[in-house]
Amino acid sequence: MQQTPAADRELVVPAWAAVSREAAPFALLAEGARLGIPGALVAISAIDGGAPKELGAHLAVLADGRHVGHVSGGCVEPAIATEVLPFIAEGGDRIVRFGKGSPYMDIRFPCGGGVDLLVHVSPDAQLIDAALDALGRREAFAIAFRPEDSTARLIHDNGATGWREGAFVRRYLPRTRLGLAGRGPDLEVLARVALAAELEVAVATPDDASAAVVAALGLPVTRLTSPSQTLDLAIDPWTATVLLFHEHEWEDAILTQAVAAPGFYIGAMGSVRTHRQRCERLIARGVPPEQVDRIRGPIGLIDRARDPGTLALSVLAEITAERAAIDRA
């Protein structure tokens with residue numbers, strides 16, 4: 001029987017591939033539930049020594065062998081998924097050690113550390129749907145796993161991921177959203193790099209050429225037709241706003257919107273002198289000084305970065321460092 005050449009075959013994209021990395025394990029489990037295929041949600045519940053992933057990193061495994069997510073750098077996930085399959089068939093949650101101190105001698109992490117993996121089998125379909133819904137609506141939540149009675153429930157808890165009173169509480173926070181406004185190569189390159197870094201990106205620009213470049217990346221673009229326009233974006237606590245204009249009259253309305261919202265980062269391109277004039281202009285508009293003080297300028301960790309690529313890396317590094325500090329708090 002002659003096989004169809006690979007280039008001519010229709011590419012079937014699984015449902016989980018269209019969602020974020022955090023949501024993909026839940027999406028795979030939801031797909032399994034729809035098809036009647038049981039599965040398990042596996043999370044790092046303790047770390048002994050070094051580990052390639054953080055506490056709470058998770059992996060979904062279906063009884064047919066499919067798995068999505070990472071609890072290592074990608075080197076041992078297939079082996080771990082294979083070891084989890086009997087647990088799905090047997091039922092009942094458990095905690096299993098992999099790496100250092102593990103009975104599974106063939107599964108070792110290059111860093112030499114060990115992790116305890118909490119295996120929650122046959123997660124409730126309503127729990128999976130609720131988690132996907134919360135992630136889609138950019139709401140913070142947590143799942144409390146109780147291996148003693150093999151239960152898990154979604155809770156609203158702002159505490160860090162870890163063990164509490166016999167439950168492993170895994171916190172889920174929305175991924176960083178970048179509201180980006182400006183024009184030209186600085187805007188276009190930052191949008192491209194942020195997309196590659198898996199940020200959720202929304203762009204606003206008055207420039208036809210920049211709008212076309214960004215739209216070709218598959219990102220949402222709002223056309224600015226007046227300096228009085230603001231971002232068509234809900235700025236939540238996990239949103240960073242960055243302005244990359246050389247014509248600073250486009251900044252005032254957007255900055256006034258951003259400083260009154262709970263976003264964790266606000267920055268605008270320009271020199272020290274430009275930033276001082278920007279702040280004076282906003283205060284003259286009636287923006288409270290304590291809100292104006294939230295604006296960073298000049299932006300980025302690299303002083304006087306003028307090349308678009310260097311500027312993009314510099315700004316994203318600053319945003320990422322700020323977000324990491326918030327998540328650790």
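Q: Sorry if this is basic, but what is going on with the overall build of the chain here?
A: Helix and strand content of the chain: nine helices and 15 strands. If one aligns the C-alpha atoms of the chain with their principal axes, the spans along those axes are about 70 × 60 × 35 Å. By the burial criterion, 45% of the 329 residues in the chain qualify as buried. Long-range pairs, those at least 24 residues apart, make up 58% of the contacts in the chain with a sequence separation of at least 6. A total accessible area of about 15900 Å² is found for the chain, and carbon and sulfur atoms account for 54% of it. Of the side chains in the chain, 32 bear a positive and 41 a negative charge, and the two mean positions are spaced by 4 Å.

Q: Is there a simple way to explain the environment of A51 in this structure?
A: Positionally, A51 belongs in the loop between β1 (39–48) and β2 (58–62). Classification of A51 by relative accessible area gives partly exposed; the value is 28%. Along the primary structure A51 and V115 are separated by 64 residues, whereas in three dimensions their C-alpha atoms are 7.2 Å apart.

Q: What am I meant to see in the packing of aromatic side chains here?
A: Aromatic ring pairs are defined here through the distance separating the ring centres and the angle between the ring planes. Counted by the stated rule, this structure contains four aromatic pairs. Pairing W163 with F168 gives two aromatic rings, centres 5.5 Å apart and planes at 55°, and the pair type is tilted. Judged by its relative accessible area of 39%, W163 falls in the partly exposed class. On the numbers, 6.2 Å between centres and 15° between planes, the contact of F245 with W250 is stacked. Taking the relative accessible area as the measure of exposure, F245 reaches 1% and is therefore buried.

Q: How do you make sense of the side chain of S314 when you look at a structure like this?
A: Within the secondary structure, S314 is located in helix α9 (residues 308–328). Each residue touching S314, except ones within four places of it in the same chain, is listed here: I299, G300, L301 and I302.

Q: Would you mind showing me how to read the sheet that holds strand β9 (residues 167–172) here?
A: Sheet strands pair via backbone hydrogen bonds, and the direction of the pair is either parallel or antiparallel. Here we have four strands laid out as an open sheet, ordered β7-β6-β9-β8, and antiparallel in their pairing. Each end of this open sheet is capped by a strand with a single partner; those strands are β7 (151–155) and β8 (162–164). Across this sheet, the average inter-strand angle for adjacent strands is 30°, counted without regard to direction. Note that β8 and β9 share three bridges and pair antiparallel. Within the sheet, the bridge partner assigned to R164 lies in β9 and is A167. Sheet strands in contact with helix α3 (residues 125–136) are β6 (141–146) and β7, and its direction is about 25° off that of β7.

Reading the values: the criteria
- Residues numbered from 1 in each chain as written.
- Predicted model: local features only at pLDDT ≥ 70, side-chain atom pairs only at ≥ 80, totals over all residues.
- Heavy atoms only, no water.
- Helix = DSSP H or I, 4+ residues; strand = E, 2+ residues; numbered from the N terminus.
- Buried < 20%, exposed > 50% of the residue type's maximum accessible area, 1.4 Å probe, protein only.
- Contact = heavy atoms within 4.5 Å.
- Areas by Shrake-Rupley, 256 points an atom, 1.4 Å probe, with all protein chains shown as cover.
- Lys, Arg positive; Asp, Glu negative; His and termini not counted.
- Charge placed at Lys NZ, Arg CZ, Asp CG, Glu CD.
- Phe/Tyr/Trp six-rings, centres within 6.5 Å; stacked < 30°, edge-to-face > 60°.
- Pairing = 2+ DSSP bridges.
- Axes fitted to C-alpha atoms, helices over the stretch in contact; angles between N-to-C directions.

Any link to function would need more than the numbers given here.
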